[in-house]
Amino acid sequence: MLSFANAKLNLGLFLTEKREDGYHNLETVFYPVKLCDVVELIDADETSCVIKGIDIPGKAEDNICLKAFKQLQTDFNLPNQQIILLKNIPVGAGLGGGSADAAFLIKLVNEKFKLALSVEKMQSYARNLGADCAFFIENKPAYAFAKGDEFEDLSIDLSAYFIVLVKPEIHVSTAEAYQNVTVKHPSISLKELIHLPLSEWKDKIVNDFETSVFTKYPQIDEIKTKLYAAGATFALMSGSGSSVFAIFEKPIQLSDLEKENQVFYNV
């Protein structure tokens, strides 16, 4: 059995509070896009993970999909499986690829072994693996808060627009992105701002990681500037970086940005 684990964009990200447990409270809007990894489960003599496509830092035996499966295997005495992961979603890009892989693996296991797990139970397994992992269980636009692992449904549809994603040859770790960030309570919640007309997002919706990340990697800031110069209605770094997405009114070709970056069209 296989599943297609899609990436997400952060349509804004406000860091609102430093928590006593070391995490941050935040506000963001998760929006699923079409760029996908492929996760496959095959019966095997021993449980393992095989990774193809884009290289992932670290060892395959430490992969988040394997951690997700072993949680379920322990609780439900599941037979051994080989996990085959075809990576297409760029790593260190703020697109949630690893979290998506783990969440879709949980859903795949639930389906294959007929565990009849509820959405809430699958989300609880996902929360053990990463702050944004639980989002991918339902995988629909959502306002996220707390650590980014509590959700409210949002009615937002960008399918009428042309979304471009630009990924430079830069890997930004989440820990690195949190260095030198400023925490503040927004005067207006992102939950309200996201319902403004798209033309007003540029001046009101921000990603609080941009300040610290752009300082260290001005090339990412330059990508955002070029996307606006090309006519984007809205552009923003996704998550903790390093990818930047832009929303255009109509299809566009960004040949200049393709020279030094990966450019994904109509995601």
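In case you missed it, the structure is sitting above this.
Attention here is on the structure that accompanies the text.

Points about the environment of G58
- Mapping G58 onto the fold places it in the loop between strand 3 (48-53) and helix 1 (64-76).
- Distance in space between the C-alpha atoms of G58 and S99 is 16 Å, their sequence separation being 41 residues.

Some words on the pattern of salt bridges
- Scanning all chains against the criterion turns up 14 salt bridges.
- Residues D208 and K184 are paired through a salt bridge, measuring 3.2 Å at the closest nitrogen-oxygen approach. Residue D208 is found in the loop between helix 7 (201-204) and helix 8 (210-216), and its partner K184 is found in the loop between helix 5 (174-178) and helix 6 (190-193); the two are separated by 24 residues along the sequence.
- Since its relative accessible area comes to 10%, D208 is described here as buried.
- E200 is the partner of K204 in a salt bridge, and the nearest nitrogen-oxygen pair spans 4.0 Å.
- Residue classification places K204 among the partly exposed residues on the basis of a relative accessible area of 39%.
- Here E200 falls in the partly exposed class, since its relative accessible area comes to 31%.

Quick notes on the packing of helix 1 against helix 2 (residues 97-112)
- At a minimum axis separation of 8 Å, helix 1 and helix 2 run at an interaxial angle of 30 degrees. Overall, the two elements helix 1 and helix 2 adopt an arrangement that is roughly parallel. Note that helix 1 runs across helix 2; the crossing there is right-handed. Where helix 1 approaches helix 2, its residues I64, C65, A68, F69 and L72 are matched on the opposing element by G98, D101, A102, L105, I106 and V109.

Digging into the sheet that holds strand 10 (residues 261-264)
- One open sheet accounts for four strands, arranged 8-9-7-10; its pairing is antiparallel. Single-partner strands in this sheet number two, and they are strand 8 (234-237) and strand 10. Averaged over all neighbouring strand pairs, the angle between strand axes comes to 15 degrees, with direction disregarded.
- Inspection of the sheet shows strand 7 (residues 162-168) paired to strand 9 (residues 244-248) by five bridges, in the antiparallel sense. Residue pairing across strands places I163 opposite I247, the latter belonging to strand 9.

Quick look at unusual backbone geometry
- Cis geometry marks the peptide bond from G241 to S242, where omega comes out at 20 degrees.
- With respect to the helices and strands, the residue S242 is situated in the loop between strand 8 and strand 9.
- In this model, N77 sits at a positive phi of 50 degrees, which is unusual for a non-glycine residue.
- Checked against the element boundaries, N77 lands in the loop between helix 1 and strand 4 (81-87).
- With a relative accessible area of 69%, N77 lands in the exposed category.

Considering the side chain of E210
- Among the secondary structure elements, E210 is positioned in helix 8.
- Within the structure, the side chain of E210 is placed 2.8 Å from the side chain of K224, a separation counted as a polar contact.

Some points on the packing of helix 2 against helix 3 (residues 119-127)
- Interaxial distance between helix 2 and helix 3 falls to 10 Å at its minimum, and their mutual angle equals 135 degrees. Looking at the two axes, helix 2 sits oblique to helix 3. Of the two elements, helix 2 crosses helix 3, and the hand of that crossing is right-handed. On helix 3, the residues touching I106, K107 and N110 of helix 2 are M122, Y125 and A126.
- Its residues assigned to classes, the contact of helix 2 with helix 3 comprises four nonpolar, one polar and one charged.

Cut-offs applied
- Residues numbered from 1 in each chain as written.
- Predicted model: local features only at pLDDT ≥ 70, side-chain atom pairs only at ≥ 80, totals over all residues.
- Heavy atoms only, no water.
- Helix = DSSP H or I, 4+ residues; strand = E, 2+ residues; numbered from the N terminus.
- Salt bridge = Lys/Arg side-chain N within 4 Å of Asp/Glu carboxyl O.
- Buried < 20%, exposed > 50% of the residue type's maximum accessible area, 1.4 Å probe, protein only.
- Axes fitted to C-alpha atoms, helices over the stretch in contact; angles between N-to-C directions.
- Parallel < 35°, antiparallel > 145°, perpendicular 65-115°, else oblique.
- Left-handed = near helix turned anticlockwise from the far one by under 90°.
- Contact = heavy atoms within 4.5 Å.
- Pairing = 2+ DSSP bridges.
- Polar contact = N/O pair within 3.5 Å; in protein donor to acceptor, adjacent residues only side chain to side chain.
- Nonpolar A, V, L, I, M, F, W, Y, C, P; charged D, E, K, R; others polar.

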